[in-house]
Each structure stands twice: as structure tokens, then as C-alpha cells.
Amino acid sequence: MDNKPKPLQHGRQGLRTFSALVCLLLMTTSLFAQEKTVTGTVTDSTNEPLIGASVVIQGTSNGTITDIDGKYSITASPDNVLEFSYVGMVKQDVKVGSQHVINVQLKEDSQMLAETVVIGYGSAKKRDLTGSITNIKGAEIANKPSTNPLSSLQGKVAGVQIINSGQAGSDPEIRVRGTNSINGYKPLYIVDGLFNDNINFLNPEDIESMEVLKDPSSLAIFGVRGANGVIIITTKKAKEGQTLVNINTSFGWKHVVDRIKMVNASQFKELYSEQLVNEKNPAFDFSGWNADTDWQDEVLQNGFITNNSVTGASEKHSFYLGMGYSYEQGNIKHEKFSKITLNASNEYKITDKIKVGFQFNGARMLPADSKSVLNAVRTTPIAPVFNEEYQLYAALPEFQKAQMMNPMVDVDLKANTTRAENYRASGNIYGEVDFLEHFNFRAVFSMDYGSNNGRTYQPIIKVYDNTVKGNVATLGTGKTEVSQFKENETKVQSDYVLTYTNSFGDHNLTATAGFTTYYNSLS
């Protein structure tokens, strides 16, 4: 039997397999070739660049924000759709296609312009304003895993710079239009009409809205206190005819993704030896210093964070009650922060023209015993962390131990040596009356009380040090110490505001007159 056709058949099958592999490789290469860099500029209706506008690939979490000139750069494929969004603007979608440069002009949201925002001692529709005011809805703050409401504003408001330190429960650094006055850079916070220095005692779930006042025309009514910008917070109240109960829980993890790149042990030895030669100092004896320690790995951890709240509203008397619990771990080991909050309000209509009510916000906070990561990036990698024989943390080499200690001494041995408790109670009672058809008079009496207290314990610290007698060194004075602190602050404020509102055809008129008294005591 002649078997010659069989090899030919196998050859054809091999050719088909080879062709399929070539096609698959070409398709894969084509897919990778489709990836390209798309750049452009995002502006508003007046062609002014929008700083911090969001550019996201639709259906993914991949995105970027525009820089100070409104420019952006993102890697995308022709099939991707880019979503352009900005607070107060209508979102716009653009398919990439063959474009390498996509410039977008966002238009103002007409529905948002019709919304009412808080301005000083009253409110107005956005379209009637000439000042620079940004409105943030409470939902945009509550859905972020953060114990401080201000941390959730990062990257959301143009002209407002927010820097989060990463420490558990810490207040972020916030600057409105940069550093503006001799009073520093901190803005004025107004919570339900009461002047405040911070809002860390609020539960993000209890915030109805937040207005950021940024320019002189909108800040003028607050005088010199508003020189660094004003952030007005309105907490939630029950809606008329509304009965509900909400339970909200969120959680997440924090991770330091952009660590400082440091040299390893061999690189350090080389660089330090070169330094000593350049300084004409004797060489250092590295014998016995054979570790290769990444100190950032030693002090950092993945932090857990959770926010939990229960809110309820009653139809009768428009009663609202909110309770919350927040817990946050820092990115440095042993750091933890917790907060319990309470928000209650009630409004009662005596007649159609007269109403009275109250608002209360309370909090109990246990601040974190925060440590610094600075020594972790300064300490030499040739030093070991721990000595197993003596079961002690190791001292640093001679060229460092006079300036700093093993970072784990501060992070681990001094963990939770400072215990603090902070209490905050802030609230007001108010009355409001409408008369003569166009007039409204409102009187508000507010009080804010804060109490901060804590104790610090200084333990005896021993480390392994082979340069001392007995190989054990005692740091500091060798004595235990205890110190304590306590601070109480009371603020009392009253506001009396008369407002006249009328319409004349296509024209609207609002006039406001009033005065405020403010008392502050610190002890």
C-alpha cells in the first residue's frame, strides 16, 4: 500500500496550524497597536481651563484629572469612550476612534444652576450669583471611605487644594485659593450657622450639602474671618411628611502605593564609603553590619477603615436622628482612630407663619497615637531590626545612633503611650416668623463646647547595643514619666437676621439686615 499522501496530509495540517498562529499573533499585535496616548484640554463655556476635571474611560476605573492648564493625558484604544465631568458641569462622552487629541468644552448644568445654595446669612439660586461658589451634595461626601468629611473633597473643587496626611483621623490641610492672609491658610467653617475651626466632629452621612465660598464678593459678609475662604455645612433635617430609617455601612483599606525609593545595603555601603573618602575621614568598618532592612516595610501596614451610620426621620414634628460609628487604622503600625457621632434636629410649625426648632451635633473621638515615618527613610539599611538572642530591638551604627533611634522603638515600644479623649457638643435653637407678606425674621442662639484631654506615658526603653558593657543600652533618662493635658473651649453665638424678598416682573430683589454676637473662651 502506498502511504505517500499521508505526509502531505500532515503537512497541510501543520500549515493550517502555523497560519492560525500567525493570524493570532497578528491580531494580538494589532490589539496592542491600538493602544495610544490621547491628550487634550478641558475648558468651560468661556474657554477658561478647568483644573481637576475628571477624565475616565467609560466602564472602568482608569482615569486622570486635568492639570492647572486644563490639560490631560490618558492611554486608551479606539473603541474606548472617554467621560469628561466636573462639578457644576454637564458630563460629556466622546468616543476615541482615530483621534489623538480631544479638546472638550463643558457646559454649565442648567438644572444645577436652578438649585438653591447657602450664601452667608441666606440662600439663593446659583444662576442669580456672580460670586464663585461651589455646591457639593452630601451624597458625594458620604459615599467615600473617610472619617473626615473634608478628605472626601480632594480633587472635587477647583481652586481648593486638599492634602491628606494619611494619619488616622487627622484633619487634612485645606487651602482655598492658596495662602491668603496673616491669619494663616485655614478657611472658616460654618456648621448650621455656627462659626467653627474644623468639622472633624461631623459624621459624613449627616451632611446635607456643603458650599465652598472662594472669591471676595461671596466672602465679604464674613469680613476678615472669611479671608481664607468659607466652607458652609448644612446638616440633614427631616423632610416634611417623611418617615424613614436608613442604615449605611462602608469599608475599605488604605495602602501606601508610592513609597520613597531607597538604596539597599550594598548600595549604601558604596555611597557612604565614597562620602567618607571625599570628606577625608577614615573608612567605616562594616563588619557585623550585614542586614539589608527596608524600614518602610517594617513601619507601614495596610490600614482598615469603616463608616457605619443609622438615621431615622419622623413625619410628626419633622424629627431627625442620626448615629454613626467610624474606625480607621493608619498606614503606620498600631495607629487607630475611632469616633461616635450623634445628630438630632426637630422643627415644629406653630402656625403657617411661625416655626421653631433645634439642631444638635455631638461626638466622642479617640485620636490616634500617631508616629512619624520620617526616621524610616533616614535610617541606614545595614542596621538589623531585632536581636533574637537578647529579644531587644537593635541600636543603630555609631554614625546614626546619636541623631536617631531604631524606628521600631518609636512605632512599637512607644505605641499607644498617649491616650486622648475628645468630646464635642454643638447645637442651636431658633425661631422664624414671616410677616407683612415679604418679610422674614430669624433668631438663632448657638453654642459649641469642646473638651480635649489625654495622658502620655514615657516607658523605660532598652535596646541591644554591642558597643556598650553588657550589650544592653537604656535610652533617655532611664525613668518612667507621666504627663497630662486638658483643654476646654466654649463658643456662644447669636444671629438676628431680617430678610426682605420681592419680585417685580422679571426682576427679583432680596435685602438682608442683621447682626451677630460671638463669644469664645479657651481654658
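Remember, predicted model here, so these are calculated numbers, not experimental data. (Residues numbered from 1 in each chain as written. Predicted model: local features only at pLDDT ≥ 70, side-chain atom pairs only at ≥ 80, totals over all residues. Heavy atoms only, no water.)

> Could you clarify how one ought to interpret the overall build of the protein in this entry?
Tallying secondary structure elements over the protein gives nine helices and 29 strands in all. Counting the 523 residues in the protein, one finds 39% classified as buried. Across the protein, every contact between residues at least 6 apart in sequence was considered, and the portion connecting residues at least 24 apart equals 63%. Roughly 29400 Å² of accessible area belongs to the protein as shown, and the carbon and sulfur atoms make up 55% of that amount. (Helix = DSSP H or I, 4+ residues; strand = E, 2+ residues; numbered from the N terminus. Buried < 20%, exposed > 50% of the residue type's maximum accessible area, 1.4 Å probe, protein only. Contact = heavy atoms within 4.5 Å. Areas by Shrake-Rupley, 256 points an atom, 1.4 Å probe, with all protein chains shown as cover.)

> I'm lost on the sheet that holds strand E3 (residues 63–65) in this one. Help?
Within a sheet, each strand pairs with its neighbour through backbone hydrogen bonds, oriented either parallel or antiparallel. Reading across the sheet, the four strands line up as E3-E2-E5-E6 and stay open at both edges, with antiparallel pairing between neighbours. In this open sheet, the two strands that pair with only one neighbour each are E3 and strand E6 (92–95). Put simply, the sheet's adjacent strands are angled 20° from each other on average, direction ignored. Of the strand pairs in this sheet, strand E2 (residues 54–57) and E3 are connected by three bridges, and their pairing is antiparallel. For Val56, the partnering residue across the bridge sits in E3 and is Gly63. (Pairing = 2+ DSSP bridges. Axes fitted to C-alpha atoms, helices over the stretch in contact; angles between N-to-C directions.)

> In this structure, what is going on with the sheet that holds strand E16 (residues 230–235)? I would like to understand it.
The mixed open sheet is built from five strands, whose spatial order is E10-E15-E16-E13-E14. At either margin of the open sheet sits one strand with a lone partner, and together these are strand E10 (133–137) and strand E14 (194–196). In this sheet, neighbouring strand axes are inclined to one another by 20° on average, regardless of whether the strands run parallel or antiparallel. Where strand E13 (residues 188–191) lies against E14, three bridges are found, and the strand directions are antiparallel. Residue Ile190 lies in a different strand from E14, and its bridge partner there is Phe195.

> Explain the environment of Thr418 to me, please; I cannot follow it from the model alone.
If you trace the backbone, Thr418 turns up in strand E24 (residues 418–435). Taking the C-alpha atoms as reference points, Thr418 and Tyr457, 39 residues apart in sequence, are found 6.4 Å from one another. Excluding its chain neighbours within four sequence positions, the residues that come into contact with Thr418 are Asp369, Arg455 and Thr456. Among the polar contacts made by the side chain of Thr418, one reaches the side chain of Thr456 at a distance of 3.1 Å. (Polar contact = N/O pair within 3.5 Å; in protein donor to acceptor, adjacent residues only side chain to side chain.)

> Whenever I open this one, helix H5 (residues 265–278) confuses me. Can you help?
Spacing of three or four residues puts side chains on the same side of an α-helix, whose turn is 3.6 residues. The terminal C-alpha atoms of H5, which comprises 14 residues, lie 20 Å apart, in line with the 20 Å expected from a rise of 1.5 Å per residue. Buried within H5 we find Ala265, Phe268, Tyr272 and Leu276. Along the axis of H5, the buried positions cluster into a sector of 65°, meaning they face one direction only. Of the exposed residues in H5, the ones pointing more than 90 degrees away from its buried face are Ser266, Val277 and Asn278. Looking at the packing, one finds that the buried side of H5 touches helix H8 (398–401). Immediately downstream of H5, the backbone of Lys280 shows phi near 60°, a positive value. (Expected span 1.5 Å × (residues − 1). Arc of directions from axis to C-beta.)

> What am I meant to see in the environment of Val81 here?
With respect to the element layout, Val81 can be found in strand E5 (residues 81–85). Sequence-wise, Val81 and Asp93 are 12 residues apart; in three dimensions their C-alpha atoms are separated by 6.4 Å. If near-sequence neighbours (up to four positions away) are discounted, Val81 is found in contact with Val56, Ile57, Gln58, Asp93, Val94 and Lys95.

> Any chance you could explain the confidence of the model for the protein here in plain terms?
One rule of thumb: low pLDDT means the predicted coordinates there are not for detailed reading. In the predicted model, the protein carries a mean pLDDT of 83, and 85% of its residues have values of at least 70. Low pLDDT, under 50, characterises residues 1–11; the predicted model gives this stretch zero contacts beyond four residues in sequence or across chains. The low-confidence segment residues 25–33 (pLDDT under 50) makes zero contacts with residues lying over four places distant or belonging to another chain. (pLDDT = per-residue confidence, 0-100.)

> I'm lost on the packing of aromatic side chains in this one. Help?
Aromatic rings considered in pairs are described by the distance between their centres and by the relative angle of their planes. Applying the stated criterion to the full structure yields 18 aromatic pairs. With 5.6 Å between their ring centres and 70° between their planes, Tyr72 and Phe84 make a pair best called edge-to-face. Separated by 12 residues along the polypeptide, Tyr72 in strand E4 (residues 71–76) and Phe84 in strand E5 bring together distant segments of the chain. For Phe84, a relative accessible area of 1% corresponds to the buried category. Ring geometry for Phe195 versus Tyr518: centroids 5.8 Å apart, planes at 35°, classification tilted. Here Phe195, found in strand E14, pairs with Tyr518, found in strand E29 (residues 507–522); they are 323 residues apart in sequence, far enough to count as distant. Overall, the relative accessible area of 10% leaves Phe195 in the buried class. Linked through ring pairs, Phe268, Tyr272, Phe284, Phe286 and Phe399 together constitute an aromatic cluster. One Lys or Arg, Arg442, reaches over the ring of Tyr430 and ends 4.4 Å from the middle of that ring. (Phe/Tyr/Trp six-rings, centres within 6.5 Å; stacked < 30°, edge-to-face > 60°. Lys NZ or Arg CZ within 6 Å of the ring centre and 35° of its normal.)

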